[in-house]
Number of protein chains: 2
Amino acid sequence: MRVAIVGATGAVGQELVALLEERAFPVSALRLYASSRSAGRTVTFRGAPVTIETLPADGDLDADIVFSSAGGSLSKAHAEAWASHGAVVIDNTSAWRMDPGTPLVVPEINAEAARGHRGIVANPNCSTIIALMALAPLHRAFGLTRATVATYQAVSGAGATGIDELTRLTRAALEGLQEAPRTFDHDIAFNLFSHDSEVGDDGYNVEERKLLLESRKILGIPELRLSATCVRVPVYRAHSEAIHAEFAVPVDPDEARGVLADAAGLRVVDDREANVFPMPRDASGRDEVLVGRIRADASRPGGIALFVSGDQIRKGAALNAVQIAEALHR
Amino acid sequence: MRVAIVGATGAVGQELVALLEERAFPVSALRLYASSRSAGRTVTFRGAPVTIETLPADGDLDADIVFSSAGGSLSKAHAEAWASHGAVVIDNTSAWRMDPGTPLVVPEINAEAARGHRGIVANPNCSTIIALMALAPLHRAFGLTRATVATYQAVSGAGATGIDELTRLTRAALEGLQEAPRTFDHDIAFNLFSHDSEVGDDGYNVEERKLLLESRKILGIPELRLSATCVRVPVYRAHSEAIHAEFAVPVDPDEARGVLADAAGLRVVDDREANVFPMPRDASGRDEVLVGRIRADASRPGGIALFVSGDQIRKGAALNAVQIAEALHR
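Summarised in this report is the structure supplied together with it.

Rules and cut-offs
Residues numbered from 1 in each chain as written. Chains lettered and ligands numbered in written order. Predicted model: local features only at pLDDT ≥ 70, side-chain atom pairs only at ≥ 80, totals over all residues. Heavy atoms only, no water. Helix = DSSP H or I, 4+ residues; strand = E, 2+ residues; numbered from the N terminus. Rg over C-alpha atoms; globule rule 2.2 N^0.38 Å. Buried < 20%, exposed > 50% of the residue type's maximum accessible area, 1.4 Å probe, protein only. Areas by Shrake-Rupley, 256 points an atom, 1.4 Å probe, with all protein chains shown as cover. Lys, Arg positive; Asp, Glu negative; His and termini not counted. Charge placed at Lys NZ, Arg CZ, Asp CG, Glu CD. Pairing = 2+ DSSP bridges. Axes fitted to C-alpha atoms, helices over the stretch in contact; angles between N-to-C directions. Contact = heavy atoms within 4.5 Å. Buried area = accessible area lost by both parts, 1.4 Å probe. Salt bridge = Lys/Arg side-chain N within 4 Å of Asp/Glu carboxyl O. Polar contact = N/O pair within 3.5 Å; in protein donor to acceptor, adjacent residues only side chain to side chain. Nonpolar A, V, L, I, M, F, W, Y, C, P; charged D, E, K, R; others polar. Expected span 1.5 Å × (residues − 1).

A few words on the overall build of chain A. From N to C terminus, chain A includes 9 helices and 15 strands. The C-alpha radius of gyration computed for chain A amounts to 20 Å, which stays within 12% of the reference 20 Å derived for 330 residues, consistent with globular compactness. Along the first, second and third principal axes, the C-alpha set of chain A runs to 60 × 55 × 40 Å. Within chain A, the proportion of its 330 residues that are buried is 59%. When the accessible area of chain A is evaluated, it comes to approximately 11800 Å², of which 49% is carbon and sulfur surface. Side chains of chain A give 33 positive and 42 negative charges; the mean places of these two sets differ by 1 Å.

Here it is in structure tokens:
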């Protein structure tokens, strides 16, 4: 298959190149697109250099699959044109996720939805994917009705500049200096803050609204009640989430653990004796989302509490996109 | 009043000395006790040196007020003896908190309970104090019935060694090295993990159980349902908590904001437009607990979601203890 990556130099773009190679995706030709700043540089793919290009004006990316991760406005403006030249666009941005005609897909959960695409398949938001990897199997078994979620989100969600900023500001803080933040509104060094997205009239920010609306769409539960508090923490590249979930039937925690242990793409890390549970350090660079702290919700009979960590760049973005491509290819 | 501090060299002990001076507590004589390692060193109080001593064998600390923060087992073994010599022991450890004869006090919430002491007044756990500073006024107004809490806890909860460890391991990580953790089970640098306390058969760790049981006792709601997920984050000295709360009556978020704005010891930081909410950076070194993200719980009609940050060493420990002493003095 001819593959193109739009936004090839970003954190997700680089991970996409690595994953296509690592997973031996059947790539017959790879085109890498980025801004004019990066054009002309080369990236090594399967031992050979691929030159980065700027986007062609005619919208023909010379590809069967286009991975788009260069921002929502670019995808909004161009994804349909790219698709009109015969490509399937797998869009890593928020542009098409809530479009009723666009499937929103986590392959372990709703791979079949991808088949109904009209040229664009949307990749969900990272915090949604990581939460649903645990909530979807529980939903299939017990019928999810309500969840409260508190996130611990890595700086990689803001791309490579977020990663650089954490290093830069932490170095400064250790020197006793305070440098101005550039990527975030607030200083992330030894600090945390409410997610850096716009806050609506209901008090929820855009990230939190994504978690609610995307979960409803992916799980097919339009009436799902979900309230999230999204928080940025000084961690590089894996998101964690503390979740309380309620179901249509009372759920036994051992039964829940069994369901999670059998679920694809999840790894149960739940060693109470050794106090070993999901940590971003362990989730980083790994395909599986880690789930643990599985226990009966002490505040709601029949409810379940749990904690997940997942690599934000991999399963939260690039890996999920490649898995969508793999599902389409099959 | 003659004042003694047991554990004078720890993070909380040092803060107690600073607060007694800063708040002009009526100290007629100050005795500082610590282990033999520190004995003989001096600490400056109101411009004069105070020599650190080891504990006297006879249990007479020569004090009207004893602040105890040298660990639960020491308090368990000796607090009654100290009290038998006429002192009121304000205990910063977990030793006496759940003892039915010992009041557990947050002065803004239940100062009157301190009056019923029999020689010992217990200072609650830091994460409990910080959560209840926001939940107690809401409880008084609306009747708290249930809460889910996810914490973002600073390393200072493990004392001065936790603070040193965050610096040491972060420096190492920035050099590309990985040093072994000493204070915590896991590496805290650019990482987070489930709270480093023992996990019980129900899957909750000791810190989470404290939040439940101490909240019930302080608020006087034996049937309160509360489920917490306690997480250690790479932050120095302020704890944050994402809270979803349910009440006996439906609560309007604006009404809740009004109640919180009027509550003693709280500061509402809730600027949706500027995306400024409670942050540990801002809460550190400050007496008030910060509260924001006040909004209707999207998952439960009538419920409220909010986010708090409070200095773990001050209001979470030393300040609350000094406020108890002030209440007793009045």
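Now that the structure has been shown, we can carry on.
So, on to the sheet that holds strand β6 (residues 88-91) of chain A. Residue and element names in this part refer to chain A. The 7 strands are arranged β3-β4-β2-β1-β5-β6-β7 in an open sheet whose pairing can be described as mixed. The open sheet terminates on both sides in strands that have one partner only, identified here as β3 (42-45) and β7 (120-122). Strand-to-strand twist in this sheet, taken as the mean axis angle between neighbours without regard to direction, amounts to 25°. Sheet topology places β3 next to strand β4 (residues 48-53); 4 bridges connect them, and they run antiparallel. Within β4, the position partnered with Thr42 by the bridge is Thr51. Against the sheet, helix α2 (residues 72-84) contacts β1 (2-6), β5 (65-68), β6 and β7, and its axis sits at roughly 160° relative to β6.

Take the interface of chain B and chain A next. If you look at the interface, chain B gives 65 residues, while chain A gives 65 residues. Summed over both sides, the interface of chain B with chain A buries roughly 5300 Å², with 52% coming from carbon and sulfur. For the pair chain B and chain A, the interface holds 12 salt bridges. Its salt-bridge partner being Glu246 of chain B, residue Arg300 of chain A comes within 3.3 Å of it at the nearest N-O pair. Taken together, the links from chain B to chain A amount to 45 residue pairs in polar contact (both at pLDDT 80 or more). Of all elements in the fold, only β8 (144-152), α5 (160-174), β9 (193-194), β10 (225-229), β12 (238-247), α8 (280-283), β14 (289-296) and β15 (304-311) of chain B reach the threshold of two or more residues within the side of chain B that touches chain A. For the side of chain B that touches chain A, the residue count by class is 30 nonpolar, 19 polar and 16 charged.

Attention now goes to α5 of chain B. Because an α-helix completes one turn every 3.6 residues, residues spaced three or four positions apart along the sequence face the same direction. An ideal rise of 1.5 Å per residue puts 21 Å on 15 residues; α5 of chain B measures up with 22 Å between its terminal C-alpha atoms. All of the buried residues in α5 of chain B are Gly162, Glu165, Leu166, Arg168, Leu169, Thr170, Ala172 and Leu174 of chain B. Those residues of α5 of chain B that are buried lie in contact with α5 (160-174) of chain A. A positive phi of about 80° marks Gly176 of chain B, the residue just after α5 of chain B.

Geometric descriptors of this kind do not, in isolation, establish any biological role.
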